[in-house]
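Commentary on secondary and tertiary structure
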Amino acid sequence: MEAISRTKPPFLNKDGYVDFAPDDPENPMNWSMFRRSSISVVAVLLVLNATMASSAPSAVTESLNKHFNVSTEASALTVTLFLLGYCCGPLVFAPLSEFYGRRSIFIITFAGYVSFGFLVAWPPNFAGLLVGRFLTGVFASAPLSNAPGVLVDLWNPIHRATAFACFSTMVWIGPAVGPVVAGFLELTKGDEGWRWAFWMLLWFGSFTMLLVITLPETYPPIVLMQKAKRARQNGFDVRAQIEDSDRTLAAAYKVALTRPWIILFDTISLLCAVYLSVVYMLLYMLFSIYPLVFQQMRGWNVGVGELPLLGTAVGAACGGIVVAVDARIRQKRIESGKVKMGDLRPEDRLPIAMVGGIGFFIGMFWLAWSANYTSVHWIVPTIGGGFLSANMLLVFVAYFNYLVDVYLVYSASAIAANTVVRSAGGAAAPLFTRQMFSAMGVGGGGSLVGGVGVLLAIIPFLFYKYGPKIRAKSKFSPTGEKICASRLRTGRAKLESSDV
């Protein structure tokens with residue numbers, strides 16, 4: 001490849017900037033299937049690290065309480081502060097990735113996550129543990145916000161849906177697996193269970209760090225800038241477009257810290273944020289509900305009592321399969337000519353959310369009332385939790401894709417706002433779930449959440465019917481502008497025909 005670049009000038013686009021030639025081997029989308037798959041696996045492993053670490057401490061509450069002489073509510077802060085770190089990370093690291101590329105941000109942030117993991121594993125006191133958890137949450141949030149960008153860099157729309165399904169599945173599986181592993185460490189290591197849980201996360205993170213440093217740069221503007229620099233070293237006077245842009249890091253942060261909050265109060269963005277914050281809150285509520293149901297009510301030990309959470313992991317995997325199959329069916333319809341790519345609307349993403357929304361509250365009632373009675377076999381609430389998790393993932397993926405399609409060039413800001421709001425919802429869950437379900441009972445508390453789910457299930461149906469009108473009124477939705485222009489052309493045509 002380098003020999004060719006020394007003898008042939010680089011490909012230039014119509015504006016005279018270095019660009020990818022057709023079938024350019026330097027284009028990340030043209031890399032071999034093995035290489036792209038390997039990079040995607042590492043990106044998904046980064047997400048798995050972050051999501052496992054978020055929930056693992058929920059299973060070692062007893063040893064934490066005993067070692068630091070704190071209450072259960074105080075121990076819950078180890079989860080809350082980690083998730084609050086999620087709120088800060090996307091706003092900090094997303095602009096940096098646009099300037100310095102994805103690789104350097106992955107390496108620096110994950111090194112920060114591993115480094116502060118030592119503080120968490122060997123804290124001088126409880127305050128040090130909480131500080132370490134918050135900082136690891138901040139650094140762990142970078143993979144959550146940047147991993148989808150890597151998948152966009154590597155895969156065309158045909159394969160991207162499957163890649164996103166894997167990413168979304170890890171967002172759900174990680175929080176379920178973390179407490180299971182930590183629960184058995186609590187059972188076998190006794191009073192040192194909490195420390196072994198954090199050691200486990202540190203070992204997993206250190207192994208993943210070895211893979212992270214092998215990641216190549218995938219962000220196309222940075223890849224093209226590197227290509228232009230090599231060309232100049234070989235005597236060609238060329239530049240990449242990013243090198244001639246007048247953007248600054250300060251301006252990028254000004255946009256990153258203000259635009260998401262403006263877009264948040266756009267109708268579609270706001271309702272999606274409310275819905276997904278409830279879904280994400282329930283995800284982290286489960287880590288308090290399951291110990292109550294299977295350990296306190298049924299008398300299971302802390303290791304076995306966390307095993308039913310694997311049902312939610314299986315459910316998430318099933319939900320990911322449904323998303324991948326749906327994407328494949330849509331692609332086949334496009335390839336056969338039954339549907340044109342240009343005719344697809346953002347609202348075409350919503351049928352999965354409609355199904356998931358209905359399944360969400362059904363699954364919640366199923367889990368709550370089957371778990372409320374110890375006479376009901378344990379497999380019934382476990383399957384109910386799996387069904388609930390599958391539908392939660394359907395809602396999550398559908399709204400994630402819907403936000404991207406609605407806001408297009410502003411989608412990064414819309415996703416950032418959504419991430420902050422839903423992470424805040426998840427952070428609040430450990431602080432009240434145990435008290436709420438102890439006071440109301442599992443059936444009553446679950447019915448309250450299920451009732452909220454019934455109300456929220458209406459949203460995708462409203463968007464499906466009125467979404468185009470809502471988008472037309474939004475100043476952040478390019479699709480809305482197109483509809484306005486289309487209506488203007490239609491109106492002019494009618495006037496001309498009436499004049500005739």
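Given the structure is predicted, the values throughout are model-derived calculations rather than measurements.

Here we take up the overall build of the protein. If you tally the helices and strands in the protein, you get 18 helices and 0 strands. Its C-alpha atoms give the protein a radius of gyration of 24 Å, within 12% of the compact-globule value 23 Å for 500 residues. Taken along its principal axes, the extent of the C-alpha atoms in the protein is 75 × 65 × 40 Å. Of all 500 residues assigned to the protein, the portion counted as buried reaches 55%. For the protein, the proportion of contacts with a sequence separation of at least 24, taken over those separated by at least 6, is 80%.

Moving on, we get to the side chain of S141. Tracing the sequence through the fold places S141 in helix α7 (residues 126-154). When residues no more than four places from it in sequence are discounted, the contact partners of S141 are G85, Y86, G89, P90 and F93.

Okay, the nonpolar core next. One finds Y113, W172, L282 and Y399 to be the most contacted residues of the largest nonpolar core, which totals 130 residues. The dominant element in this core, judged by the number of residues it contributes, is helix α12 (residues 267-297), at 18 residues. Ignoring anything within four residues of it in the chain, the contact list for L282 reads F360, M364, L388, M392 and V449. With 13 residues, the next largest nonpolar core counts L224, A228, A231 and A240 among its residues.

Take the pattern of salt bridges next. In the structure shown here, the tally under the stated rule is 8 salt bridges. The partner of R102 in a salt bridge is D153, with the nearest N and O atoms 2.5 Å apart. You can see R102 sitting in helix α6 (residues 102-121) and its partner D153 sitting in helix α7, a full 51 residues away along the chain. A salt bridge links R471 to E347; its shortest N-O distance comes to 2.7 Å. Taken together, the residues span a long stretch of sequence, with R471 in helix α17 (residues 458-473) and E347 in the loop between α13 (309-335) and α14 (350-371) at a distance of 124 residues.

The rules behind the values
Residues numbered from 1 in each chain as written. Predicted model: local features only at pLDDT ≥ 70, side-chain atom pairs only at ≥ 80, totals over all residues. Heavy atoms only, no water. Helix = DSSP H or I, 4+ residues; strand = E, 2+ residues; numbered from the N terminus. Rg over C-alpha atoms; globule rule 2.2 N^0.38 Å. Buried < 20%, exposed > 50% of the residue type's maximum accessible area, 1.4 Å probe, protein only. Contact = heavy atoms within 4.5 Å. Core = buried A, V, L, I, M, F, W, Y, C linked by side-chain atoms within 4.5 Å. Salt bridge = Lys/Arg side-chain N within 4 Å of Asp/Glu carboxyl O.

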